[in-house]
Amino acid sequence: MRLNKFLSACGVASRRKCDEIIASGRVCVGGRVRSELGVEINEKKDVVAVDGVRVKLPEEFVYLKLNKPKGYVCSAKDEKGRKTIFDLIDCEARLVNVGRLDYNTEGLIFLTNDGNFANLVTHPRFHFEKEYHVTVEGEMKESELAVLRNGVVENGVRMPKAKVKFLSFDGKNTKLSVIIDEGQNHQVRRMFDCIGRTIVLLKRVRIGNVLLGGLSRGKTKPMSAEEIAFFMGEK
Ligand code: URA
């Protein structure tokens, strides 16, 4: 689609006025200023911004938060016939999960039909924090927390550092807050494997500034405009 047509379809201004806006260098496509006329864009893929603010076609994007329970896989189908998170969702739009949680992990995961949003949230370049509550068998020592903070060494390779905070010990299990800003496969479980500790429960409670809060297990809730904007870089 022509850039000027796209902008006017987004409600920016008339097509002629949009040509002026483009020519004055106020429009970026994929982060690059495009001030020449006659630019073609892919309206499904390209991120277009006017004066630094993203503009979109008024089609309805859906952004949901889900509290994933244990015992569900994060994919549309499972070759082992296990339940998937899509069994929990009643939505006409074709949604994808934004990143993954393991079968036995519970907590916050996003679902959307906005591919740009999904790429942005999961892109390693942006380092959005993910916070987990980790319940571990036994009483953990401060020295073990220090090892996790420094980045454990797995097969000779140091894993990323983590922010680790003691939350509680109930005489049986220790509960910690663990914050990472990378999304390696099974990262948290691997960190605890490396120090020989068994995770009893792994729960994601935050992504970026979005909290799981009081959302019940298995339930979804639309993300607020503010929560979406946090990732879009508009706030
Ligand atoms: N780290 C893990 O090990 N598992 C998850 O599900 C998420 C983070």
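Fair warning: this is a prediction, and the values are worked out from it, not measured in the lab.

K.L.:
Explain the domain arrangement of the protein chain to me, using residue names and the numbers behind them.
P.N.:
Many analyses report the size of an interface as the accessible area lost when the parts associate. Entries for the protein chain in the domain assignment read domain 1 (3–55), domain 2 (63–125 + 214–232) and domain 3 (129–207). Relative to domain 2, the C-alpha centre of domain 1 lies at a distance of 31 Å.

K.L.:
Before we move on, can you summarise the sheet that holds strand β3 (residues 48–50) with the specific residues and values?
P.N.:
Picture the strands of a sheet paired through backbone hydrogen bonds; they go either parallel or antiparallel. Read across the open sheet, the four strands follow the order β2-β1-β3-β4; overall the sheet is antiparallel. Taken across any chain shown, the strands that pair with only one partner, and hence form the sheet edges, are β2 (32–33) and β4 (53–55). Two strands pair when backbone bridges link them, and strand β1 (residues 27–29) and β2 are joined in this way by two bridges, in the antiparallel orientation. Counted as the bridge partner of V29 is R32 from β2.

K.L.:
I'd like a rundown of the site of the ligand, residues and numbers included.
P.N.:
As a structural note, the neighbourhood of the ligand is formed by L101, D102, T105, Y132, H186, Q187, V188, R189 and L202. In the environment of the ligand, a nitrogen atom lies 2.7 Å from a nitrogen or oxygen atom belonging to the side chain of D102. Taking T105, its side chain carries an N or O atom lying 2.9 Å from an oxygen atom of the ligand. Contact with the protein chains removes 95% of the 240 Å² of surface that the ligand exposes when unbound. Counting atoms within 2 Å of the grid points, the majority share of the ligand lands in the largest pocket. It is helix α5 (residues 187–194) that contributes the most residues to the shell around the ligand, three residues altogether. Grouping the amino acids of the shell around the ligand by side-chain chemistry returns four nonpolar, three polar and two charged. Looking at the shell around the ligand, you find at least three residues from each of domain 2 (63–125 + 214–232) and domain 3 (129–207).

The rules behind the values
Residues numbered from 1 in each chain as written. Predicted model: local features only at pLDDT ≥ 70, side-chain atom pairs only at ≥ 80, totals over all residues. Heavy atoms only, no water. Domains from an automatic or database assignment. Pairing = 2+ DSSP bridges. Helix = DSSP H or I, 4+ residues; strand = E, 2+ residues; numbered from the N terminus. Near = heavy atom within 4 Å. Polar contact = N/O pair within 3.5 Å; in protein donor to acceptor, adjacent residues only side chain to side chain. Areas by Shrake-Rupley, 256 points an atom, 1.4 Å probe, with all protein chains shown as cover. 1 Å grid on protein atoms, 1.4 Å probe; cavity = no way out; pocket = protein on both sides within 12 Å on 5 of 7 lines; lining within 4 Å. Sits in = over half its atoms within 2 Å of the grid points. Nonpolar A, V, L, I, M, F, W, Y, C, P; charged D, E, K, R; others polar.

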